[in-house]
Amino acid sequence: MSLLDAVRRRFAGPPEQVRAALADPEERVLAWGPLVRDGGWLVATSRGLRAVGASDDLLPWHLVGSARWAGTNDGGGSFSVTALTEVEPGVQAREPAVRYVLSDAGDLPAVVRKRVDQTVVTSRRTPLPGRGGVLLVARRVPGQAEREWTVVFDEDADRHDPVAREAAREKLSEALAAEQPT
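Here the residue index of a chain counts from 1 through its sequence in written order. Local features in a predicted model are, by the rule used here, given only for residues with pLDDT of at least 70; side-chain atom pairs are given and counted only at 80 or more, and totals for whole chains, interfaces and linings are based on all residues. To get the side-chain values, all heavy atoms of the structure are used, and hydrogens and water are removed first.

Quick word on helix H3 (residues 108-119)
We count it as follows: Numbering of helices and strands runs from the N terminus; a helix is a DSSP stretch of H or I covering at least four residues, while a strand is a stretch of E covering at least two. What a helix should span is 1.5 Å times the count of its residues minus one. A simple rule labels every residue: compare its accessible area, found with a 1.4 Å probe on the protein chains alone, to the largest value its type can have, and call it buried under 20%, exposed over 50%, or partly exposed in between. Here, the arc refers to the directions that run from the helix axis to the C-beta atoms.
For H3, spanning 12 residues, the distance from its first C-alpha to its last is 17 Å, which sits close to the expected 16 Å at 1.5 Å a residue. For H3, every residue scored as buried is listed here: Leu-108, Pro-109, Val-111, Val-112, Val-116 and Thr-119. Relative to the axis of H3, the buried residues are bounded by an arc of 165° and lie together on one face. Within H3, the exposed residues directed more than 90 degrees away from the buried face are Ala-110, Arg-113 and Lys-114.

Let's talk about the layout of surface pockets
Selection criterion: Buriedness for pockets is judged along seven lines, at least five of which must meet protein on both sides within 12 Å for an open set on the 1 Å grid over protein atoms alone, while cavities are sets there where a 1.4 Å probe fits but cannot get out, and lining residues have an atom within 4 Å of a point. Grid points are joined across faces, edges and corners, and a volume is the space filled by probe spheres set on the points. In the scheme used here, Gly and all other residues not listed as nonpolar or charged are polar, with Ala, Val, Leu, Ile, Met, Phe, Trp, Tyr, Cys and Pro taken as nonpolar and Asp, Glu, Lys and Arg as charged.
Size it by volume and the largest pocket reaches roughly 540 Å³. Forming the walls of the largest pocket are 21 residues, and the residues nearest its centre are Gly-65, Ser-66, Ala-67, Arg-68 and Val-116. Mapped onto the lining of the largest pocket, the elements with two or more residues apiece are strand S5 (64-71), strand S6 (77-88), H3, strand S9 (120-127) and strand S10 (133-139). Split by residue class, the lining of the largest pocket holds 11 nonpolar, four polar and six charged.

A few points about the pairing of strand S7 (residues 91-94)
Test applied: A strand pair is defined by DSSP finding two or more bridges across the two strands.
Two strands pair when backbone bridges link them, and S6 and S7 are joined in this way by four bridges, in the antiparallel orientation. Looking at the pairing, Glu-88 lines up with Val-91 of S7. For S7 and strand S11 (residues 148-153), the ladder comprises two bridges, and the chain directions are parallel. Residue pairing for S11: Val-91 is matched across the bridge by Val-151.

Some points on the sheet that holds strand S4 (residues 58-60)
Where we set the bar: Fitted lines through C-alpha atoms give the axes, limited to the stretch in contact for helices. The angle between two N-to-C directions lies from 0 to 180 degrees.
Ordered by their spatial adjacency, four strands build an open sheet running S1-S2-S3-S4, and the pairing between neighbours is antiparallel. At either end of the open sheet lies a strand with only one pairing partner, and these are strand S1 (29-34) and S4. Taking the axes of each pair of neighbouring strands and ignoring which way they run, one obtains an average angle of 15° across the sheet.

Remarks on the environment of Phe-79
Relative to the elements of secondary structure, Phe-79 occurs in strand S6. Through-space distance from the C-alpha of Phe-79 to that of Gln-180 is 37 Å; in sequence the pair is 101 residues apart.

What about the pattern of salt bridges?
Heads up, the condition is: Salt bridges, as used here, are contacts in which a Lys or Arg side-chain nitrogen is within 4 Å of a carboxyl oxygen on Asp or Glu.
Within this structure, the stated rule accounts for eight salt bridges. The salt bridge partner of Arg-113 is Asp-117, with a shortest N-O separation of 3.6 Å. With Arg-113 and Asp-117 both in helix H3 and four residues apart, this pair spans about one turn of that helix. For Arg-113, a relative accessible area of 60% corresponds to the exposed category. Judged by its relative accessible area of 44%, Asp-117 is partly exposed. Among the salt bridges present, the one from Arg-125 reaches Asp-154, with a minimum N-O distance of 2.4 Å. Pair noted here: Arg-125 is in strand S9 and Asp-154 is in the loop between S11 and helix H4 (162-179), with a separation of 29 residues, a long-range link. On the basis of relative accessibility, which here comes to 29%, the residue Asp-154 falls in the partly exposed class.

A short note on the packing of aromatic side chains
Condition: Classification of ring pairs rests on two measures: the distance between centres of Phe, Tyr or Trp rings, Trp counted by its six-membered ring, which must be within 6.5 Å, and the angle between planes, read as stacked under 30 degrees, edge-to-face over 60 and tilted in between.
Applying the stated rule across the entire model yields one aromatic pair. The interplanar angle of 50° and the centroid separation of 4.9 Å between the aromatic rings of Trp-69 and Phe-79 together place this pair among those described as tilted. Taken as a pair, Trp-69 in strand S5 and Phe-79 in strand S6 lie far apart in primary sequence, 10 residues in all. Classification of Trp-69 as partly exposed rests on a relative accessible area of 30%. Residue classification places Phe-79 among the buried positions, given a relative accessible area of 2%.

Dropping the structure here:
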């Protein structure tokens, strides 16, 4: 994309199909890119990441576990987005990654990275006894004053191991205790 095309795109605003997909007037379009298949759009909004055209589902920023961008020389590329889902209070699991191929990414990769990074207050990986590990993550969640701590197991099988679960609970308790003022 040439500099002139980038300037035109920024000032032109999002396409009508993208604007029409946002039912809430409080939700703002931040960046968008046309999807190669299905003629839809991948859209970063003030609330999350939205695939317009296929499902119009919104993935809130605090539930994006990872979003990996692989760009091409023509301005396009692909996002591999892994969502997190709560499987029990304080424990999240990774959903299978969804791949979005874009013909023109524009500002989308930078906006997605910034928005996901803004939700993460702190994260740290810690080993579990014997094998594997967990990721302890504190995130900002819209509408909540306090940050939300969660545990994400490296391997789903470890979530069902009583020893690993107890170790993860202990690590989470330590992280929460370290955050409390003395």
